[in-house]
Amino acid sequence: MVDQEQRKLKPIYDALDSGSYKAAIQTCNKLLKKQPQHETIRALKSLALLRANKAEEAIQLCDEILASKPTDDTVLGIMQHVLKHLDRTPEITAMFEDAFKKQPGNEELGAQTFMSHIRVGSWKNAQIIALKLFKSFKQPKYLFWSIMSAVLQAQNAGGVNPGMTDNAPILLNLALRMITNSPIPSYVAPDHFYLHLTILKTLDKLDEAYELIQSERGKRLCETSLVVDELRREIFLAKGACKEEAVLCGERLSKKGWARGELDRNWITFLSLIDSTFDVIKLNESQSKCETDSVAPATDSEGAGPPPSEAKPTPTSTEGNGEVDPELTPKPTPHPELPLEPQALIDGLRELFERLAKEDGLKERGGHLASLQLEKRVRIREEGQGKSVPDTLLSLIKQYFNNFSDKTCCFEDLKPYVASLQEGELTSWLGYLKEQADARDPSTPAGLARSINVFKLQRFSSTSGRTEDDERNDAALYLKTDVHFNRGMVLLGKDLSDTDLQPADDLAILAANALVSAWVITRKETYLHQALVVLEYASSKSKQNYQFRVLAVRIYRLLAANGPALSHYRTMDVKQVQTDTLSHLILSRGSTYSLAPVGDVGMTQECIAASDIYNQNSSDTADMIIKAFQFEKYSQITEFVEFEDRLDNSLQRDLTRLEYVRMKFTTEKLEPEALLLELQELEFVLEKMHHDNRDFAVIPNYQPRGQSLADQTSMGVVRGFQWLTVFLQLYIRAYARACRVETSVASDMNTFLSGWLSEMTEDEKTFLKFSQILHEWIPCPPLQSREAAMAALTGTATPSEATAAPAQNGSGEPAAKTNGDQERKQSPPPPHVKQDGSAPVTVEASAETAVKYFQDAAARAKALADQGELLWEVCHVATLAQEAYILLQIVSLPYISKSGKSKIKLADSGPVVESLKAVRTQAATHLKTISTLLSDIAEKEGSAARRDEWAEGCAALSEANSVMHALQLGNEFASSVAKKTLEARKTVCEGLANGILKVISA
Amino acid sequence: MSVLRPFKADDLFKFNNVNLDLWTETYSISFYLTYLARWPDLCLVQEAPNGKMMGYVIGKAEGHGQEWHGHVTAITVAPEYRRLGLARKMMDELERISTEVYNGYFVDLYVRCANILAINMYERMGYSVYRRVAQYYSKLPHEKGGRDQEDAFDMRKPLPRDTMRRSVRPNGREIIISRDQAP
């Protein structure tokens, strides 16, 4: 019977699998003729219809099937697909709920219902179903599902405001009761145990948690599971069990043959040993202070002992107002293996680390580095006590350098310790490095590694006041070393394969850092050109080094050579989740280089490509959360939910979304219908709590302390939450005007003008002011309700409805003043945005000031170009002016829309329309000026003379210290880089120039 | 010297410096989370003291009967942290978990036959070639291709439970199976 059924359905499945949806539909129809009520076939047909893009039919059939409340597994599975496709995920839950209600004895249906709740993050329902399942089918797994769901509910995991909810204690206590009374103890598996400890820790029942950990099974689980051990450490520290932690870490480091391999050399163990030892010291001291305070108040003649609030809280201090009864206070019972005296404790650690360093030799850096970490802590402590600082740290740094300077990681290892040296010590340290630099022979791999570490440490340790010459000489030195080394390698016959990283790669990165510094100091653009020559050269020698490409992308973008930037970025093959963390490299203010109006959609495509991961996240990550439930990996579930949330509410996601909007409007016709949908989307985005997942650490930084290459090479100040909020509100406000609906967004941009602008460039601030001018100058059209607007959109409104709303204010009146309703609905600034409280900036709004914006923009673009500022800035002004023109069109839509449906007729709108048209015409004139300026630049950039000038700029420095000289490169290579850069600049300027013309003529 | 800790879902936001290396592939979200949802204890990260990721290993436990074993799906170390013994530390931990938690007979891994450096390293760690899997890998974009490029060695290291040392055989290199026969 089953076989027969399967045979019947097989052709449908086959057709679906092979993408022949039409054939699938036909087969379904044929079979349905015989059995019109066959549920599986009907479900398959709705799926096939959906895939064949026949949404309406699919939806109709889908609704019919759902109305019949199916219970069959297969049907439910297919319908789940259909609903997911239709973006009706919440109905999946209802469907399973209904099915399970009809067949409460069906375990599989129950489990499916549970999963469907998990999928949509409805933890409360999941908890209830899981408990029901446990009661009916007695499987402990269901009980743990219920417990986990209660924990997620308490954490409000994945909710709008994640964090403990008000009823968290009730939920967690319930979870605790369930886990304590579970038919299987939590120690059966690490993940069950982890869940148990999490509940106790969150409830602050640290003693109980501690007891569990110290049980035989608990100890064993800590030894075998890293996750459990992590949580154990957190609980120890929360409980103030620093002595126990210190003893445990000490044992793990010194005892051979403990569970985790032979010897524990996990850096976390070293760190924890040091941290907990200092906690013990603090505890001992505050304890003895407590005792002194409480037994000796009489000796204080003034009777003014320290106020109770100053007494440091310790885990053993009693409650009350500072009076401590020595009898009631449990005396700290020093662990038998730990001395009480701070000095003895510190010396103990010193000895231990020295011994480990000796035993392990140079194969293992842990003991050596731990000595440094310890001295750093000692230094902080002694500085706090006003003691003079011992010089042990510096000598240990030197010793470490001596031991490990042939390893690439030496620089990174030493950074935090060098950073805590004092001025005088730094001078001595720099002197030492100088000696080292002179003594090293960089022609061998080990010697080269040492030289590179010296260079990196010298840059990092150097103080302020570096000059152009310093940087230029350094760049040359690094490159000479490169040449020296590479010649050595050839002599040694050790030519490396070009797919390997080259040992000298970091020299090019160092040189690029120095050259960028020289540019920062002098603003001479030629240093950026030289940096590019170095990076391109290095990239041609070491093809796999992504760091060259990352740096090149940033410098090319500063120079408005977007083509080579894109091509390096694409060669890095950024994909999957990396697009979230790395697309900022190419998309930050990406609209500056969008040539969409002239048909080059490279940048818009990058936006689309970078956004795909978010769809993947929404469709796949929930399945993974379900998987973690199925395999009972409770330690992972919260992490997965947080991951999903971080990606879903990624800052970069919405920065890209806005950037895409800004690019799109340069080519798409403005329609109020589309804007209304987009308005709702942007309002939704504005409500989100964003996460910044962007990776700036991939930008290699070898600048002096306190400087960041990422900041130095950023095209405009780095954007963040504030930038996003301001631009979102700007567009929401404009869209709302265009669609004639209300919005809760602040109608007064002064809120922003008074202190939200730290992430905006000067020109973006001007653009924002322009938006305020528009808002105040153009009278607010009569508004309609959202419902009416939506109805008009879907075509169900009668024309009279759309025009029925009476004009609320006479034309010419500033809208914000009369529209009291709207003003009251101003939203307060989102909580994550700080205001600096400076005085609000006011704008004078009139047709003249609107025109003046464009006039000023044209003048500014010209001034920037004349002053020889970076070309990106000129492009930035130009594209913002273009955006302003589009914004003007958006806001004017109610008055001059050509689309019949939403056009309004206002009795006295005549003057407004006239004035809008006049501004537009004048704005277009100024934009034409900008376009001409860009065309002129493009022509100049394309000339042979310009290329010679560029290459000569590099060659002009090709005397004693020059980069080109050091690289032993002829002018040819520089010339080729110049050609590539200039051509790309030409393309950008030409494209923007023609794009502007297209936009204003549209 | 590094922090050895569990691989966590949000490490996907942190692994760029490791994954931008040509030899390390970046897979879909589901790939990583599937492993974490099932074998979180076989997925580990090595982290530098400053929080930078140095490398990671992703593994699983599979097989029936005497084939029950730990498998290394991916192991990678960022270029700047190579030759510090990090791979060995991660393998040690994975072998330990395969023994103590999963009670497997052996740990195995696949490696391109042409990757002599890696093969030597695994041999130093106690692995030996158990068999050769024909045409296991696709051609690398930068290489010429050929049998050694596309074939894989299945290398195994016996765990204490494999008292008979069935996972070691001297003529492993000569035993060739097709891709379909490999698990």
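Residues numbered from 1 in each chain as written. Chains lettered and ligands numbered in written order. Predicted model: local features only at pLDDT ≥ 70, side-chain atom pairs only at ≥ 80, totals over all residues. Heavy atoms only, no water.

Engineer: In this structure, what is going on with the packing of helix 11 (residues 190-202) of chain A against helix 14 (residues 226-239) of chain A? I would like to understand it.
Structural biologist: Any two packed helices are characterised by how steeply their axes cross, that is the angle between the axes, and by the distance between the axes. Residues and elements named next belong to chain A. Helix 14 packs onto helix 11 with a crossing angle of 20° between their chain directions and a minimal axis gap of 10 Å. As summarised for this structure, helix 11 and helix 14 are arranged roughly parallel, according to the angle between their axes. Considering the relative orientation of helix 11 and helix 14, their crossing is left-handed. Judged by residue contacts, Pro 190, Phe 193, Tyr 194, Leu 197, Thr 198 and Lys 201 of helix 11 engage Val 227, Val 228, Leu 231, Glu 234 and Ile 235 from helix 14. Here the contact of helix 11 with helix 14 is composed, by residue class, of eight nonpolar, one polar and two charged. (Axes fitted to C-alpha atoms, helices over the stretch in contact; angles between N-to-C directions. Helix = DSSP H or I, 4+ residues; strand = E, 2+ residues; numbered from the N terminus. Parallel < 35°, antiparallel > 145°, perpendicular 65-115°, else oblique. Left-handed = near helix turned anticlockwise from the far one by under 90°. Contact = heavy atoms within 4.5 Å. Nonpolar A, V, L, I, M, F, W, Y, C, P; charged D, E, K, R; others polar.)

Engineer: Help me understand the packing of aromatic side chains, please; the structure alone is not making it clear to me.
Structural biologist: Any aromatic ring pair is given by two values, namely how distant the centres are and how the planes are angled relative to each other. As enumerated under the stated definition, the model contains 38 aromatic pairs over all chains in all. On the numbers, 6.4 Å between centres and 10° between planes, the contact of Phe 7 of chain B with Tyr 32 of chain B is stacked. One end of the pair, Phe 7 of chain B, is in the loop between strand 1 (3-6) and helix 1 (16-19); the other, Tyr 32 of chain B, is in helix 2 (residues 29-38), with 25 residues separating them in the sequence. With respect to burial, Phe 7 of chain B and Tyr 32 of chain B carry one shared label: buried. Across the ring face of Trp 723 of chain A, the terminal group of Arg 719 of chain A is positioned such that the distance to the ring centre comes to 4.3 Å. A cation over an aromatic ring shows up here: Arg 169 of chain B above the ring of Tyr 130 of chain B, its NZ or CZ 3.6 Å from the ring centre. (Phe/Tyr/Trp six-rings, centres within 6.5 Å; stacked < 30°, edge-to-face > 60°. Buried < 20%, exposed > 50% of the residue type's maximum accessible area, 1.4 Å probe, protein only. Lys NZ or Arg CZ within 6 Å of the ring centre and 35° of its normal.)

Engineer: It is not clear to me how the pattern of salt bridges should be interpreted in this structure. Could you clarify?
Structural biologist: It is possible for side chains bearing opposite charge to pair when their charged atoms get close. All names here are of chain B. Scanning the entire structure with this criterion turns up 77 salt bridges over all chains. A salt bridge links Arg 96 to Glu 100, with the nearest nitrogen and oxygen atoms 3.1 Å apart. One end of the pair, Arg 96, and the other, Glu 100, are both in helix 3 (residues 86-100), four residues apart, so they sit about a helical turn from each other. With a shortest N-O distance of 3.4 Å, Asp 154 and Arg 156 are connected by a salt bridge. Arg 156 carries the same exposure label as Asp 154, and that label is buried. (Salt bridge = Lys/Arg side-chain N within 4 Å of Asp/Glu carboxyl O.)

Engineer: Whenever I open this one, the nonpolar core confuses me. Can you help?
Structural biologist: Ranked by size, the top nonpolar core spans 200 residues in total, and within it Phe 353, Trp 429, Tyr 731 and Ile 890 of chain A carry the most contacts. Among the elements that take part in this core, helix 43 (residues 871-896) of chain A stands out by supplying 18 residues, more than any other. Not counting the four nearest positions on each side in its chain, Tyr 731 of chain A is found in contact with Leu 658, Arg 662, Phe 665, Leu 682, Glu 883, Leu 887 and Ile 890 of chain A. Ranked by size, the runner-up nonpolar core spans 149 residues in total, among them Leu 31 of chain A together with Tyr 35, Ile 58 and Ala 78 of chain B. (Core = buried A, V, L, I, M, F, W, Y, C linked by side-chain atoms within 4.5 Å.)

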